[in-house]
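Here is how the chains run, residue by residue.
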Amino acid sequence: QLQASGGGLVQAGGSLRLSCAASGSIFSFTAMGWYRQAPGKQRELVALVRNGDRPNYADSGQGRFTISRDSAKNTLYLQMNSLKPEDTAVYYCNALPRGSNQVHWGQGTLVTVSS
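Rules used in this analysis
- Residues numbered from 1 in each chain as written.
- Predicted model: local features only at pLDDT ≥ 70, side-chain atom pairs only at ≥ 80, totals over all residues.
- Heavy atoms only, no water.
- Core = buried A, V, L, I, M, F, W, Y, C linked by side-chain atoms within 4.5 Å.
- Buried < 20%, exposed > 50% of the residue type's maximum accessible area, 1.4 Å probe, protein only.
- Helix = DSSP H or I, 4+ residues; strand = E, 2+ residues; numbered from the N terminus.
- Contact = heavy atoms within 4.5 Å.
- Phe/Tyr/Trp six-rings, centres within 6.5 Å; stacked < 30°, edge-to-face > 60°.
- Lys NZ or Arg CZ within 6 Å of the ring centre and 35° of its normal.

Novice: Hey, could you go over the nonpolar core for me, with residue numbers and the actual values?
Specialist: Formed by 27 residues in total, the largest nonpolar core has its most connected members in Leu-2, Met-32, Trp-34, Leu-76, Leu-78, Met-80 and Tyr-91. Among the secondary structure elements, those contributing two or more residues to this core are strand E1 (2–5), strand E3 (16–22), strand E4 (29–37), strand E5 (44–50), strand E7 (65–70), strand E8 (75–80), strand E9 (89–97) and strand E11 (109–114). If we skip the residues at most four places from it in the chain, Met-32 touches Leu-2, Ile-26, Leu-48, Val-49, Ile-67, Arg-69, Leu-76, Asn-94 and Ala-95.

Novice: Go over the packing of aromatic side chains, please, and point to the residues and values.
Specialist: One pass over the full model with this rule turns up 2 aromatic pairs. Between the aromatic rings of Tyr-35 and Trp-105, the centroid separation amounts to 5.2 Å while the plane-to-plane angle is 65 degrees, which identifies the pairing as edge-to-face. On the criterion of sequence distance, the pair formed by Tyr-35 in strand E4 and Trp-105 in strand E10 (residues 104–105) is long-range, its members being 70 residues apart. Judged by relative accessible area, Tyr-35 falls into the partly exposed class, the value being 21%. Between Tyr-92 and Trp-105, the aromatic rings sit 6.4 Å apart at their centres with planes inclined by 85 degrees, giving edge-to-face as the arrangement. Placement of the pair is Tyr-92 in strand E9 and Trp-105 in strand E10, with a sequence separation of 13 residues. Tyr-92 gets classed as buried once you look at its relative accessible area, which sits at 14%. Judged by its relative accessible area of 37%, Trp-105 is partly exposed. Here the aromatic cluster, defined as three or more aromatic residues joined through ring pairs, consists of Tyr-35, Tyr-92 and Trp-105. We note Arg-43 situated over the ring of Tyr-92; from NZ or CZ to the ring centre the distance is 3.7 Å. Positioned over the ring face of Trp-105 is Arg-43, at 4.6 Å from the centre of the ring.

Structure (structure tokens):
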């Protein structure tokens, strides 16, 4: 199971850190990522990290967002800086377990950026 948290209301230019706590070891996943879905839009990739690879970021968050993992806490993070109103969305974390093609999703956390 994945439990996302950390969303909230922030002014443009502000920062938030999202967390995604896994019920088990994050070493059991080959990849973990963050997606978002704005009202009326499709879910889109925000950032992805695969074991042994550098993180990948969507152009929208490049230079502003940082994805990271804490194996001791079994938690995935998304540090978001210089937030813009267009970053407003429900943010979801996901993870791909080793040896599986079934992606697990967290429940989503709402980020609202006011102008």
